[in-house]
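Topology and contacts: notes
Chain by chain, the residues run as shown.
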Amino acid sequence: MFVLAELKDTIRITPEQFSLKLTEAIQDEINRKLANKVLLNVGLCISLKDLVSIGDSLILPGDGSSHTDVIFRYIVFRPAVGNIITGKIRSCSREGVHITLGFFDDILIPPSSLQHPSRFEETEQAWVWEYPLENGEKHDLYMDIGEPIKFRVSGELFEESSPIGPPQKEGPSTSKQTEVKIPYKIIAAINESGLGVLSWWDQNNQEEEEEEGEGGEDDQEEEDLNGESIGDGAYEE
Amino acid sequence: MEIKNICYSPLTNFEVLETLKTVSKKDTKKKHGLRNLATITYETLQYLEETPVKSQTKESITDFLRDVSQYKLTKNELLMIINDPPSTALHIQLLVEDSEERLTEDQVNEILVLVSKYLNIEES
């Protein structure tokens, strides 16, 4: 889910940092610029990994700072499509289930990618998987806030966000622009067996065998499914 | 800013954890304007330290890779297994493409044993 991206930039070191070692000043400056920011089509920048090369430093007329061409590698959060990640449920809404990883919040499972059939419980503000039981009834599995959840990355969306303009002081009448662009969004899916809230699969292994409908399991094996990782019969050929 | 290579190489969560640990130590100096770095490293560290990655070491990962090489998993699959060590056969099914055709039931169980031996030490 993390990658190293190789980037090149001209780093400006202001005179007050001349007392530092050049490499240290450059590292700080790169981190100042990139840490916790989304780079378009690259991902969420976490931290500098290492410097690859440092070019000659130049001084430009009218500016006391030095400018240095630097090639460096940066740790970037950019899960590949198809990756499986474990996160926590942040909230549920009509648009789907929002997931957080702690450092990254913009992950959404749209309703079409939830387990089927699911419904949105208006009173509880939670999505519910209507798990079908053998006798034709259904068992409601709630997706509560804070529950750990395993999901597959099914898509990503980058959006160019322009800098926020100066605040408009022209009287209170000007409508506030609440439209916030999300620079990097991950679309996730949990409509596969094994994905979704972790506790579903600890307890529901047995039932899932039937639900998958791939059949052919003998009853004894199904007895052993719970908990035990070795000899787990959930695997089918 | 020039992007030379978007994906120079993928990283395991373990490598990220190790790097961030050194970063968070260095930052005690509280330099001006590095608050973003402090925030993101703190949050990422918190996330990673809740996962089994915390108990991994360089040796345990190389040992795992050596022992698991006989099952002919792709690099990407191995990366996912190391980042999110599977504890049940169902998880392996999710992580390994066409696992039904490529692995026998016994092999899956052998991989699970290796995973709990090297990668998921706490839970086993």
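Every value quoted in this text rests on a predicted model; they were computed, and no experiment measured them.

With that settled, the discussion passes to the interface of chain B and chain A. Contact residues are listed per partner, giving 46 residues for chain B and 40 residues for chain A. Elements with a contribution of two residues or more to the side of chain B that touches chain A: β1 (2–11), α1 (13–26), α2 (35–49), α4 (75–83), α5 (89–95) and α7 (105–118) of chain B. At 10 residues, the largest contribution of residues to the side of chain B that touches chain A is made by β1 of chain B. When the residues that make up the side of chain B that touches chain A are grouped by side-chain class, the tally is 22 nonpolar, 17 polar and seven charged. Strand direction decides the pairing type here: strand β1 (residues 2–13) of chain A and β1 of chain B, joined by six bridges, are antiparallel. Residue pairing for β1 of chain B: F2 of chain A is matched across the bridge by L11 of chain B.

Turning our attention to the domain arrangement of chain B. In terms of domain boundaries, chain B breaks down into domain 1 (13–50) and domain 2 (55–118). On a C-alpha basis, the centroid separation for the pair domain 1 of chain B and domain 2 of chain B is 29 Å.

Moving on to the pairing of strand β11 (residues 148–158) of chain A. Residues and elements named next belong to chain A. Where strand β5 (residues 84–93) and β11 come together, five bridges link them in antiparallel fashion. Bridging from a neighbouring strand, I84 pairs with R152 of β11. Direction of pairing for β11 relative to strand β13 (residues 196–197): antiparallel, over a ladder of two bridges. The residue bridging K150 from the neighbouring strand is G196, located in β13. Here β11 pairs with strand β12 (residues 184–189) via six bridges, running antiparallel. By the bridge assignment for β12, L157 is matched with K185.

Now for the domain arrangement of chain A. All names here are of chain A. Segmenting chain A into domains produces domain 1 (2–77) and domain 2 (84–160 + 181–215). Between the C-alpha centres of domain 1 and domain 2 the distance comes to 39 Å. Listed by partner, the interface residues are six residues for domain 1 and five residues for domain 2. Across the side of domain 1 that touches domain 2, the residue classes tally to four nonpolar, two polar and no charged.

Calculation criteria
Residues numbered from 1 in each chain as written. Chains lettered and ligands numbered in written order. Predicted model: local features only at pLDDT ≥ 70, side-chain atom pairs only at ≥ 80, totals over all residues. Contact = placed C-beta atoms within 7 Å. Helix = DSSP H or I, 4+ residues; strand = E, 2+ residues; numbered from the N terminus. Nonpolar A, V, L, I, M, F, W, Y, C, P; charged D, E, K, R; others polar. Pairing = 2+ DSSP bridges. Domains from an automatic or database assignment.

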